[in-house]
Every structure is written in C-alpha cells, then in structure tokens.
Amino acid sequence: MANIYMGGRSSCYATNEGIYVAPGPMDLGRVAAHLLLHLRDLRRGGWTYDHECNRISMDRDLFEARSRYLVKICRDQGLSDCDDAETLINEVVAARKLPSWAEDLASKYIVKVKSIIDFSH
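Residues numbered from 1 in each chain as written. Predicted model: local features only at pLDDT ≥ 70, side-chain atom pairs only at ≥ 80, totals over all residues. Heavy atoms only, no water.

Chemist: So what about the nonpolar core? Which residues, and what values?
Modeler: Membership of the largest hydrophobic core comes to 31 residues, with the highest contact counts inside it found for Leu35, Leu88 and Leu98. At the level of secondary structure, the elements contributing two or more residues to this core comprise helix H1 (12-17), strand S1 (19-21), helix H2 (28-43), strand S2 (47-49), helix H3 (60-76), helix H4 (82-95) and helix H5 (100-107). Per-element accounting of this core gives the leading share, eight residues, to H2. Not counting chain neighbours up to four residues away, the residues in contact with Leu88 comprise Leu28, Ala32, Leu35, Leu98, Pro99, Trp101 and Ala102. (Core = buried A, V, L, I, M, F, W, Y, C linked by side-chain atoms within 4.5 Å. Buried < 20%, exposed > 50% of the residue type's maximum accessible area, 1.4 Å probe, protein only. Helix = DSSP H or I, 4+ residues; strand = E, 2+ residues; numbered from the N terminus. Contact = heavy atoms within 4.5 Å.)

Have a look at this one:
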C-alpha cells in the first residue's frame, strides 16, 4: 500500500506525476501542500489515485474526505498548529481554492522528482 501524495519517490504522485509532498509531520505547510494536490486532482478532470496507485475518480466527496482527514493526522501526531490547519481546510473545502499565502507555504513542501535522464545537453 503506497502513500498517495507523500512518502518520497515511492509515492503514487512521485511515480505518476513527478511531484510529491515532502515527508514529515502533518504540519500546516504539509496540509497546504496536500490541499494543493487535492485541488489539482479535482480540477484536472476529477481523478486521482488509490493506495495501490490505480487511477480513480476524485469527486467532491472524496476531495472533502481526504482534506478533512489531514486534521485527524495532525491531531494524532500531537502537533500545535492543527486548529490553523482545520481552519484552512474548512476554507478550502468551502471555496475550492487555496488562499495565496497557503499556496506560497505549500510550494515549500512540494518536491519535484528529477529525471534520471538529463535532457539539457
């Protein structure tokens, strides 16, 4: 069972999309990064991946469930910014848009997978 958005080069997103959320505790920055990718899935035609990296539908219900689950992870890890994360998630679920300050924060936690082939020559 692979992690979908986070977990390094072995995550579904790293394998299939070339990007992933940097591993670590589910703090506000990682929550913002996950939300950015959840929104990406919802907007790009409504598809994402399951834990076996199979392509599945990303509808509004799955978007909301995955987004709200981030608060549970944050609280289970005992982090201090979970209330801020929950406020952000509620805003994003309602507006289906990430605030610009959260986009800036998310960009610090998104990792691009470098190709093993160098096409620059």
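Chemist: Describe unusual backbone geometry, and please don't skip the residues or the numbers.
Modeler: Although it is not a glycine, Cys53 adopts a positive phi angle of roughly 70 degrees. Mapped onto the fold, Cys53 is located in the loop between S2 and strand S3 (55-57). Phi at Arg96 is positive, roughly 55 degrees, even though this residue is not glycine. Following the sequence through the fold, Arg96 ends up in the loop between H4 and H5.

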